[in-house]
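Okay, here's what each chain looks like letter by letter:
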Amino acid sequence: MKIILICIVLLSSTQYAFGDATLEFKEITSKGLITYKIKDEKLKFTQSTQERINLFNRNKLEFISFDPESGVSSVFNNDVLKQRVSQLTQQRLKKLSQVELKLEEKLKTMTPEQQEAGESLINILKYPDLYGEHTLLKINKSDTSKEINNITCQLYQVYRAKQLIKDFCMASAKSLKLSPEDYLTQRSFYAFNYNMQSQLMIAMGKTRFSLVDYDKHDIDGVLIESIDYRDSTIQQHLILNSISHDKVDKSEFTLPKTDLNTE
């Protein structure tokens, strides 16, 4: 009896653990396609509107972007990120010193309200991580779910102050029939991508973004729809077009030997 029960458990678990996965998304606004291929702790990311090939290695926490036209691969990891953030921060502070000199003269003729606004602006430019617009983001979990291609997902809304700037929908690994390893790879890519993009944007002082840190907000699942708004107008709409669990060849994750660029 115990052997039968073990077999039942194993069989039921394999119903949504296929090992490889290919997720294709439609970019409705630009009419392009985005494809994710996942295998053995690696993720390949391509866009139909670009020839560039992007590879993410979960084990190494490394991202490589290959340009077939130039034959150059750009490598990005935590060490490169720290270096680039430091460079961008120095550039921002250099420009800021010039702005501060000009503002000091203007403050003498400003009203108290204008002075307060000017000082607030300086704080945002000097300490974007603490005062940037990304600190105004609020994420609300909807009471309702949604179905996309017969896959149920949980709806969320992102607000900046009181303005809706993003809708997104997350589906569980089980509903997508992703293996635990492939799910971890996809989630690791989300975390890596958020960390990379948000830090670079903040270092430049550009904090008006709608990036979401899923781990920080305890949001599980895989993104299968995302809608970005600007003044109630859809700017970008990404939606899952199909998902496949056919075997992905290892050669998909092998790039030709090229010149490496770590910048």
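See the structure shown above.
This text gives an overview of the structure that appears in the document. Just so you know, these numbers come straight off a predicted model, no measurement behind them.

On to the overall build of the protein, then. Of the regular secondary structure elements, the protein holds six helices and 12 strands. Considered along the principal axes of its C-alpha atoms, the protein spans approximately 85 × 50 × 40 Å. In the structure as shown, the protein presents an accessible area of about 16300 Å², 51% of it carried by carbon and sulfur atoms. Positive and negative side-chain charges in the protein, numbering 35 and 35 respectively, have mean positions lying 0 Å apart.

In this structure the tally under the stated criterion is one disulfide. Each disulfide pairs two cysteine sulfurs, and for C153 the partner residue is C169, the sulfurs being separated by 2.0 Å. Taking the sign of the torsion about the S-S bond as the criterion, the disulfide between C153 and C169, at about 90°, is right-handed. With C153 in strand 8 (residues 151-160) and C169 in strand 9 (residues 163-171), this pair connects stretches of sequence that are 16 residues apart. Residue C169 is classed as buried on the basis of its relative accessible area, which comes to 0%.

With that settled, the discussion passes to the pairing of strand 8. Sheet faces and side chains relate simply in a regular strand, where the side chains alternate between the two faces. In terms of residue burial, strand 8 counts as a mostly covered element, since seven of its 10 residues are buried. Direction of pairing for strand 7 (residues 137-148) relative to strand 8: antiparallel, over a ladder of nine bridges. Paired with I148 across the strands is I151, a residue of strand 8. Looking at chain direction, strand 8 and strand 9 are connected through seven bridges and run antiparallel. Within the sheet, the bridge partner assigned to V158 lies in strand 9 and is K166.

Calculation notes
Residues numbered from 1 in each chain as written. Predicted model: local features only at pLDDT ≥ 70, side-chain atom pairs only at ≥ 80, totals over all residues. Heavy atoms only, no water. Helix = DSSP H or I, 4+ residues; strand = E, 2+ residues; numbered from the N terminus. Areas by Shrake-Rupley, 256 points an atom, 1.4 Å probe, with all protein chains shown as cover. Lys, Arg positive; Asp, Glu negative; His and termini not counted. Charge placed at Lys NZ, Arg CZ, Asp CG, Glu CD. Disulfide = S-S within 2.5 Å. Buried < 20%, exposed > 50% of the residue type's maximum accessible area, 1.4 Å probe, protein only. Pairing = 2+ DSSP bridges.

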